[in-house]
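Observations on the model geometry
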Amino acid sequence: MDTPTPDAENIRAFYNEYGAEREWARFDTMLGQVQLHVITQFLRDWALPASRALDVGSGPGRFAIWLAEQGCRVTLLDVSDAMIAAARERVRAAQVESAVEGFYQASLFDIGTLDVGTFDVILCLGGVLNYYPQDMPAALRDLRQALAPGGRLIGTVMSTVGALASSLSRGWAPPESVAAQELRQVYETGVLTEAFSPHPAKMLHAGELRQLLSESGLRTLGLSATDCLLSVPDAGLEALRTRDNLFRTLLDLEVDACRRMPDAGGHILFAADAVG
């Protein structure tokens, strides 16, 4: 694999320190379970059926394992060696090793070293694309080229509106060092300053995402927030969870609301295919 770019090296170091167990546990919270429900329903609608899948930014392998359980042959790629090591363990524990074609510790810009043009579905979930603010169009073009004819790219990007709304609903406030104008600039441009992120990143509005996909030779098939109605503190979700029938109905409504308002959640899900 090629040597990671300086940006990729910074991201590798960040996620190695962040920890694979912490990343896995992110979906074990009450809100995480809601987001997992929304994401897996989106994957059922747009990623299946597929025979070969590539999970870019696979983390500890949660969605790669899910795809393997649906009958896909999966390749995992992540810039963090700690995440790849954890993914190997998780795959082994889930007993889906026979469905995994390979593990690669590499940047998304190393996709060209794989069997490009052969993947029925490519996942690029989390903030992978956001961490390359200057290179997002190039990254999307590389992902498009790795798709098999008729293949689909399923990804997420951090949402400018939804990320701020989610943070505020949980009692977050900007650091004292952040002036009002700096916060306004982040909202208007999506570009995170050092006060908000340890490495460069750019969040997107849904309209910006559609335009970016189009400019990268991709056709938007569907958009969804990862959370919307149920983006509330865990205590509120715990109380709702005690009412099983009501909560199941709310989960159904959540999927619909997320698709009606893709800017609402912390991330925007997208499904796209290649134009032409």
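Okay, so let's go over this structure. Every chain's residues receive numbers from 1 upward, in the order its sequence appears when written. For this predicted model, a pLDDT threshold of at least 70 governs which residues receive local features, and a threshold of 80 or more governs which side-chain atom pairs are given and counted, while totals over whole chains, interfaces and linings are taken from all residues. Excluded from the side-chain calculation are hydrogens and water; included are all heavy atoms of the structure.

**Thoughts on the packing of aromatic side chains**
Here the aromatic set is Phe, Tyr and Trp, taking the six-membered ring for Trp, and pairing holds for ring centres within 6.5 Å; pairs whose planes are under 30 degrees apart are stacked, those over 60 apart are edge-to-face, and all others are tilted. Overall, the coordinates contain 7 aromatic pairs when judged by the stated rule. Measuring from centroid to centroid gives 6.1 Å for Tyr15 and Tyr131, while their planes differ by 55°, and the two rings are tilted. Here Tyr15, found in helix α1 (residues 6–18), pairs with Tyr131, found in the loop between β4 (119–124) and α6 (136–146); they are 116 residues apart in sequence, far enough to count as distant. Working definition: with a 1.4 Å probe on protein chains only, accessible area under 20% of the residue-type maximum means buried, over 50% means exposed, and in between means partly exposed. For Tyr131, a relative accessible area of 12% puts it in the buried group. Here Phe27 and Phe63 contribute two aromatic rings whose centre-to-centre distance is 5.6 Å and whose plane-to-plane angle is 90°, an arrangement assigned as edge-to-face. On the criterion of sequence distance, the pair formed by Phe27 in the loop between α2 (20–25) and α3 (30–46) and Phe63 in helix α4 (residues 62–69) is long-range, its members being 36 residues apart. Phe63 matches Phe27 in its accessibility class, with the two residues each being buried. Each residue in the set Phe14, Tyr15, Tyr18 and Tyr131 is aromatic and connected to the rest through ring pairs, giving one cluster. Over the aromatic face of Trp24 sits the side chain of Arg62, whose NZ or CZ is 4.0 Å from the ring centroid. Just above the ring of Trp24 sits the side chain of Arg90; from NZ or CZ to the centre is 4.0 Å. Helix numbering and strand numbering both begin at the N terminus, where a helix is a DSSP run of H or I of at least 4 residues and a strand a DSSP run of E of at least 2. Charge-over-ring placement is defined geometrically: NZ (Lys) or CZ (Arg) within 6 Å of the ring centre, and within 35 degrees of the ring normal.

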